[in-house]
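What the coordinates show
Spelled out, the chains give:
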Amino acid sequence: MEANARWAALTAIAPIAWGTTYYVTRHTLPADYPFYGGAGRALPAGLLLLLITRRLPKGSWWWRSVVLGAINFGAFFTLIYATAQLLPASVASTLMATSSVMMMLLAWPLLGERPQVLSAIGAAVGIGGVALMLLGDPGSVDYRGVVTSLAAMTLSCLGAILTTRWSPSGSILALTSWQLIAGGLLILPVAVVLEGTPPALTPERLAGYGYTTFVATALAFVVWFQGLRRLAAGTVGLIGLLNPVAGVLVGVLVGSEAFGAKQALGVLLVVGGILLGQPLVRRRFRAPALVAPEDPL
């Protein structure tokens, strides 16, 4: 029991780090360098994980890692960087928490997986919560950030569907390292062409890059995957809800972002919708054995 509690605490580092990344990006990193931001986050983290796993791709996984890296990390990290600069951390983290809805919608036509009734209800509740947070005072939300977050979710879900179709075997952490390196290398020349000289590295920016790269990416993936191996799936699924909670708390308490009754209700609806739509949370009431949740690729 004590071992499970320790692993639960360690696993919680991942969603907390992912949730707080929006605030760190918005308040410590330069706004006009999303490609450098994405490459600077992906490439060093991928190299570090490669040193840990010491495994290289084989056969078709060379080109598959490039494709998945471009989608899951190159484009995704660039869009997340832009989203964090355009939206308050509380809004960005809550909006991105509804990625399971996007996955459900895309899995239907692409994988032939029809959504269950409770999943559809949970999706509707979650979307209602997001709408409640977004449809406030005119000008309170930069809808360019909504567009970039929806694009990021779509690409991430497409990457996850491709990963499912290709059925990788072996170390998922090694697979992640290959994708991070490929994604970083692909967008680095784009950054040079579109953004010119890299941004100056002030102490504040170094701290921000260090956090997003080594804490919110390398460390987060390591502890998350270890948690998936050692904890019950239902436990990991609930720990994952710390992502939007952390984003909201750091945005409100540290960033002094506006947070009233409407925002609180919106967050509760999103979290409730995620819980209602999670097959593993529903199954805990019907069967003792739970399947592992999807890896956050």
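Shown above is the structure to which this text applies.
Residues numbered from 1 in each chain as written. Predicted model: local features only at pLDDT ≥ 70, side-chain atom pairs only at ≥ 80, totals over all residues. Heavy atoms only, no water.

Some thoughts on the side chain of Thr-83
Residue position: Thr-83 is located in helix H4 (residues 61-86). Thr-83 gets classed as buried once you look at its relative accessible area, which sits at 0%. A polar side-chain atom of Thr-83 sits 3.3 Å from the main-chain amide nitrogen of Ser-149. Those residues in contact with Thr-83 that lie beyond four places of it in its chain are Ala-92, Gly-145, Thr-148 and Ser-149. (Helix = DSSP H or I, 4+ residues; strand = E, 2+ residues; numbered from the N terminus. Buried < 20%, exposed > 50% of the residue type's maximum accessible area, 1.4 Å probe, protein only. Polar contact = N/O pair within 3.5 Å; in protein donor to acceptor, adjacent residues only side chain to side chain. Contact = heavy atoms within 4.5 Å.)

Quick word on the packing of helix H3 (residues 34-53) against H4
The relative placement of two packed helices is expressed as an angle between their axes plus a distance between the axes. Contact geometry for H3 and H4: axes closest at 8 Å, N-to-C directions at 125°. Accordingly, the angle class assigned to the pair H3 and H4 is oblique. Handedness of the crossing formed by H3 with H4: right-handed. In contact with Pro-34, Phe-35, Gly-37, Gly-38, Arg-41 and Ala-42 of H3, H4 contributes Phe-77, Thr-78, Ile-80, Tyr-81 and Ala-82. Looking at side-chain class alone, the contact of H3 with H4 contains seven nonpolar, three polar and one charged residues. (Axes fitted to C-alpha atoms, helices over the stretch in contact; angles between N-to-C directions. Parallel < 35°, antiparallel > 145°, perpendicular 65-115°, else oblique. Left-handed = near helix turned anticlockwise from the far one by under 90°. Nonpolar A, V, L, I, M, F, W, Y, C, P; charged D, E, K, R; others polar.)

Some details on unusual backbone geometry
Although it is not a glycine, Arg-54 adopts a positive phi angle of roughly 55°. Within the secondary structure layout, Arg-54 lies in the loop between H3 and H4. Here Arg-54 falls in the exposed class, since its relative accessible area comes to 76%. Despite not being glycine, Ser-256 shows a phi value in the positive range, around 55°.

Structural notes on the environment of Tyr-211
Within the secondary structure layout, Tyr-211 lies in helix H10 (residues 203-230). We classify Tyr-211 as partly exposed; its relative accessible area is 24%. Expressed as a C-alpha distance, the spacing of Tyr-211 and Ala-17, which sit 194 residues apart in the sequence, is 8.6 Å. Apart from residues lying up to four places away in sequence, Tyr-211 is in contact with Ile-16, Ala-17, Thr-20, Thr-21, Val-24 and Ala-216.

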